[in-house]
Structure formats: C-alpha cells, structure tokens
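Residues per chain are reported as follows:
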Amino acid sequence: MGRKQHHSASAVYLESLGAAGTVTGSKHLLITPGMTVMIDCGLFQGIKTLRERNWDKLPVAAPSVGAMVLTHAHLDHCGYIPLFVKNGYRGPIYMSAPTRDLAEIILRDCAKLQEEDAARANRHGFSKHHPAQPLYTVADVETALPLFKVCATASEIRLGEHLSFTLFPAGHIPGACSVNFNCYGKNVLFSGDIGREHSELLPPPARLTNADFVIMETTYGDRLHSAADTAQEMAMLINDTLFNKGNILIPCFAVGRAQEVMHLIYRLKMQNIIPRTVPVYLDSPMAAAAGKALLHHPQWFTIDEKECARMFSGVTINENYEETKKIIRRRGSKIILAASGMLTGGRVLEYLKQYLPDSKNMVLLIGFQAEGTRGRALLNKAPEVKMHGNYYPVRAQVKEIEGLSAHADQRELLNWLSRLAASQPRVFLVHGEPGVQDAFRVKVKDELGIYAEIMQQDVRLMLFEPAAPETIS
C-alpha cells in the first residue's frame with residue numbers, strides 16, 4: 001500500500017518498515033517533531049519473497065533517523081543494522097548490556113555467512129547476480145559496532161527536550177526489553193518480543209501498567225502453548241528415542257533457546273530422569289560464544305553463576321566443522337543441539353541429512369517455525385525436505401515441544417496487555433502472520449474491550465498532535 005503524501009510536521013507518527021503482516025524484519029519508526037527514532041532494525045527471514053525485501057531500498061533515508069533503540073539481539077530485530085549504517089546512519093544505537101554482547105556475535109556471524117554464500121555462488125555460478133554480493137560484510141559490522149550504546153533497565157534516557165525512553169525486561173531472551181517512550185507527554189510503548197510467564201532461566205516480563213499507545217508483537221496470538229510439564233515431555237521423548245537406539249536432534253536458536261535447553265537437559269540428568277551417560281553436543285560456535293557472553297550477565301537469569309557454569313560443563317561444545325562429521329559418525333545415541341532453530345542453514349543441516357531418513361531418530365522442534373522454513377515444512381508433515389540441492393525423505397520422528405517457546409502464547413499476551421487496559425491505550429499489532437493477528441485482534445476486543453489495529457508496511461499513521469510546548473510536562 002502506498003504512503004500518504006501529506007503529513008503535519010508538528011504531529012507524532014508511527015510507521016512500520018517490517019514485521020507488519022509478517023513475523024520478521026522488525027523495523028518501526030516513531031516520527032516526532034524533534035527527531036525520528038527507529039525501534040529495531042531487523043532482517044526479513046523465511047520465504048524467498050520476504051528475504052528479497054532485504055534488498056529493497058527503505059522509504060526513509062538513513063541519515064534522517066536521529067536515534068535507534070534495539071529491543072533484543074535476534075537477527076529479525078538487529079540483522080539490518082550494518083546495512084543501515086552503510087547507507088548513512090550515524091546516530092546512537094541504544095540497547096541493554098546482554099543485547100550489546102549478543103548482537104555483536106550474531107551480526108559478525110551473519111556477515112561471515114553472507115560473504116561465504118556469495119563466494120560459493122560465484123564459484124559455482126548458481127546466482128542470477130554476477131557477481132553475487134553479500135548484503136553486507138564483516139567490515140560493515142565493524143563500522144556499526146562503535147555506535148552501540150549500553151543503557152540500564154528502568155533508567156530514563158533522554159533523546160531531546162520532549163522525548164525520552166526507558167527499557168524494561170521482556171523475558172524473551174537474555175537482554176530482551178520492551179521500550180517505553182515518553183513522547184511529548186504521552187507514553188508510547190513498544191513491546192518487543194514478549195517472553196513466557198514461567199521460563200527455565202529467565203524472569204517473567206516486567207509488569208507495565210500505563211501507556212497511551214502500544215505497539216505489540218503477536219507471534220503466537222492465535223494459540224496456547226501446551227499445559228503439559230515441559231521437562232517430563234522432553235524426558236519421555238528422549239528416553240523413547242534412546243530405547244530405540246536413535247539420536248535426538250534439537251534445532252535451536254543459538255541465543256536464548258540453546259542455553260535454556262542445555263539447562264533443562266542438565267536438570268533432567270541431575271534428577272536421574274534421563275541417563276546421565278548420554279552424551280550432549282552443542283554444535284554451534286555462535287551458541288558457544290553466546291553462552292560465554294551470557295556468563296557475564298548473571299543478573300538477567302533466575303539461576304546463579306555456579307549453576308550456569310555447571311550446565312555448560314556437562315556439554316561437549318564443538319566449534320570445528322570437521323568435528324561435526326566425526327560426531328555424526330560416532331556410534332551410540334546422542335543428543336545434538338545445533339543452529340539454526342528454523343533449519344534455514346548452519347550445522348544442523350548436516351545432522352538433518354544423516355538423521356532424517358532413519359525412523360529410529362527424532363527431530364525435536366522447540367521454537368517458532370516461520371512460514372517457508374524447513375522447520376515449518378517438518379511441522380506440516382512434509383514427506384521430504386530439500387537441502388543443498390538434494391531431497392531427503394522424512395522418516396525420523398518429528399515432535400514439537402511448545403512449552404519451550406521463547407514467545408508468550410495468546411493467554412500470556414492477553415495477560416501482558418490486560419495490565420495496560422485501565423489506561424485504554426490505542427493498540428497496534430505487529431510481528432505476526434495475518435491470520436494470527438486477526439484472531440488476536442478479535443480476542444483483544446472481546447476480552448479487554450480494546451480496539452486493536454493491524455499495522456501495514458510503509459503506511460504512516462498519525463498518533464497525536466502534541467499540545468503547545470508550555471503545557472507539556
């Protein structure tokens with residue numbers, strides 16, 4: 001849909017450049033008379049038509065944005081930053097301390113993979129672009145990193161005379177935050193990704209109670225996570241597979257999920273619910289680096305530093321691709337944790353090629369699987385999966401454990417929003433697939449009596465016109 005042509009220079013506007021009608025590519029603009037702020041700057045992931053949007057020119061000039069606030073370090077929220085900086089952005093990029101460390105790891109890894117993919121495409125000539133180019137390089141990441149600014153939670157950061165923001169923990173992954181702007185006397189709250197009320201490692205999302213405008217994620221806005229005991233469910237699936245002398249492959253996001261699953265497996269072993277002798281491999285250099293980084297931020301966890309260190313001690317961490325082949329050939333059952341969580345690439349594909357065709361094995365899906373990913377195909381019971389140009393039959397067991405999702409389900413999302421209901425905010429829904437968002441919109445209206453609007457990409461909406469400056473507190 002096209003952009004409206006006439007805007008008042010004295011009004012405050014909201015515009016989504018991504019994660020509007022889809023789950024990925026989060027980029028939102030808060031446009032004020034004094035400054036334009038970007039909230040998140042992520043990559044589109046999933047189906048090809050979404051990924052191709054990463055190459056489109058944004059409808060905002062990068063130098064015209066005065067500041068950026070990052071809610072958390074997942075690629076669909078931070079992955080576009082190096083390109084935005086390459087295109088001329090020079091303002092500060094604010095975030096929590098864990099997000100700072102994790103975003104650096106994730107962006108360097110993303111750039112390195114892009115450079116390798118472009119080089120491979122040029123070597124084998126399978127790109128329609130000659131030569132194939134990465135979206136950005138490791139050098140572009142290095143240029144962006146000095147703009148990162150760490151800020152503490154619950155501390156007001158002033159951007160201008162009538163504009164400030166405060167970060168509040170959101171419980172999604174370590175460092176994840178909601179962002180509340182005090183904008184010309186009004187509260188404009190960006191939820192970021194909202195985590196679970198009960199998590200293996202993280203405290204629940206902060207209880208926020210006042211907002212005039214809410215920009216809210218809706219990833220699981222149409223479903224409830226299983227009420228089953230997650231630990232017991234995982235133990236049963238692991239033990240069943242071990243009984244059949246199979247391998248358990250757990251694709252997981254390198255940041256957040258990998259550490260949560262490691263702790264759960266550690267706990268099951270300590271309680272003798274699964275055999276203590278079963279080897280556990282973490283085959284993800286990024287997950288290993290993220291885990292080490294997170295040890296520097298114990299205040300973001302519900303477990304102490306010693307337990308955090310112990311859960312790593314029971315896992316064999318592999319950072320060498322050649323060793324991956326040896327792990328696959330190693331006899332005996334094992335538990336493998338490998339990225340990526342949606343099976344879009346990474347080491348997990350090498351295990352998948354070997355394990356999918358054998359019915360003794362199990363693939364355990366634990367996080368959101370976006371449309372167009374191999375993870376979604378497996379959830380939808382695809383008979384075969386394509387990897388690196390070849391098709392592999394799906395004979396292994398494929399199971400999903402919903403309780404390990406990092407995203408709040410419909411009930412938890414409603415609980416989060418219900419605390420704000422007394423202030424009767426205007427609500428805008430982002431970061432969700434269209435059918436999911438519509439289901440959540442209806443639920444919000446019926447249960448909370450709040451009318452929610454679904455954001456459309458590149459459409460600028462006026463939030464309010466500020467009162468005369470002397471009346472703004």
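Quick look at unusual backbone geometry
In this chain, Ala339 is followed by Ser340 through a cis amide linkage whose omega measures 15 degrees. Counting through the fold element by element, Ser340 comes out in the loop between β15 (335–338) and α11 (348–355). In the Ramachandran plot, Tyr184 falls in the positive-phi region, its phi being about 50 degrees despite a non-glycine side chain. Positionally, Tyr184 belongs in the loop between β9 (177–183) and β10 (186–190). Positive phi, normally seen in glycine, also occurs at His388, with a value near 50 degrees. Summarising the element assignment, His388 is placed in the loop between β17 (384–387) and β18 (390–393).

Topic: helix α7 (residues 257–270)
Residues lying three or four places apart along an α-helix face the same way, a consequence of the helix completing one turn every 3.6 residues. Across its 14 residues, α7 extends 20 Å between first and last C-alpha, which sits within 8% of the 20 Å expected from 1.5 Å per residue. Summarising burial for α7: 12 of the 14 residues are buried, a large majority. Within the span of α7, buried status applies to Arg257, Ala258, Gln259, Glu260, Val261, Met262, His263, Leu264, Ile265, Tyr266, Leu268 and Lys269. Considering only its buried residues, α7 is in contact with α6 (230–243), β12 (248–251), β13 (280–283), α8 (285–294), α9 (305–313) and β15. Following α7 by one or two positions, Asn272 has its phi on the positive side, about 55 degrees.

Focus on the sheet that holds strand β1 (residues 12–18)
As summarised here, the arrangement of the 7 strands in space is β6-β5-β4-β3-β2-β1-β22, forming an open sheet in which the pairing is mixed. Single-partner strands in this sheet number two, and they are β6 (148–150) and β22 (460–464). In this sheet, adjacent strand axes meet at a mean angle of 25 degrees when their direction is disregarded. For strand β5 (residues 93–95) and β6, the ladder comprises 3 bridges, and the chain directions are parallel. Residue pairing across strands places Tyr94 opposite Lys149, the latter belonging to β6.

A few points about the layout of surface pockets
Here the second largest pocket defines a volume of roughly 300 Å³. Lining the second largest pocket are 22 residues; nearest its centre among them are Arg196, His198, Ser199, Thr230 and Gly403. Counting residues per element, the ones that place at least two in the lining of the second largest pocket are α6, α7 and α13 (410–418). It is α7 that provides the largest number of residues to the lining of the second largest pocket, a total of 4 residues. Its residues placed into classes, the lining of the second largest pocket shows 5 nonpolar, 7 polar and 10 charged.

Side note on the state of the cysteines
Evaluation of the coordinates by the stated rule reveals 0 disulfides. Cys78 forms no disulfide, and the closest cysteine sulfur to it belongs to Cys110, at a distance of 8.2 Å. In this structure Cys78 comes out as buried when scored by relative accessible area, which is 0%.

What about empty space enclosed by the protein?
All told, the structure shown has 3 cavities of 30 Å³ or more when counted by the stated rule. Computed from the structure, the largest cavity encloses a volume of approximately 90 Å³. Around the largest cavity, the lining is made up of 15 residues, and of these His28, Asp40, Ser191, Gly192 and Val430 lie nearest the centre. At the level of secondary structure, the elements contributing two or more residues to the lining of the largest cavity comprise β3 (36–41) and β11 (213–217). Of the residues contributing to the lining of the largest cavity, the split by class is 5 nonpolar, 7 polar and 3 charged.

Here we look at the environment of Gly91
Positionally, Gly91 belongs in the loop between α3 (81–86) and β5. Taking relative accessible area as the criterion, Gly91 reaches 12% and is therefore assigned buried. Along the sequence, Gly91 and Thr241 sit 150 residues apart, while their C-alpha atoms lie 52 Å from each other. Not counting residues within four places of it along the chain, the set of residues in contact with Gly91 comprises Gly66 and Leu147.

Observations concerning the pairing of strand β20 (residues 426–430)
With respect to burial, β20 is a largely interior element, 4 of its 5 residues being buried. Where β11 lies against β20, 5 bridges are found, and the strand directions are parallel. Bridge pairing in β20 links Val214 to Val427. Judged from the 3 bridges that link them, β20 and strand β21 (residues 452–454) form a sheet pairing that is parallel. Bridge assignment links Val427 to a residue of β21, and that residue is Ala452. Crossover connection from β20 via helix α14 (residues 434–448) to parallel β21: handedness right-handed.

Calculation criteria
- Residues numbered from 1 in each chain as written.
- Predicted model: local features only at pLDDT ≥ 70, side-chain atom pairs only at ≥ 80, totals over all residues.
- Heavy atoms only, no water.
- Helix = DSSP H or I, 4+ residues; strand = E, 2+ residues; numbered from the N terminus.
- Expected span 1.5 Å × (residues − 1).
- Buried < 20%, exposed > 50% of the residue type's maximum accessible area, 1.4 Å probe, protein only.
- Contact = heavy atoms within 4.5 Å.
- Pairing = 2+ DSSP bridges.
- Axes fitted to C-alpha atoms, helices over the stretch in contact; angles between N-to-C directions.
- 1 Å grid on protein atoms, 1.4 Å probe; cavity = no way out; pocket = protein on both sides within 12 Å on 5 of 7 lines; lining within 4 Å.
- Points joined across faces, edges and corners; volume = space filled by probe spheres on them.
- Nonpolar A, V, L, I, M, F, W, Y, C, P; charged D, E, K, R; others polar.
- Disulfide = S-S within 2.5 Å.
- Right-handed = clockwise from strand over helix to strand, strands pointing away.

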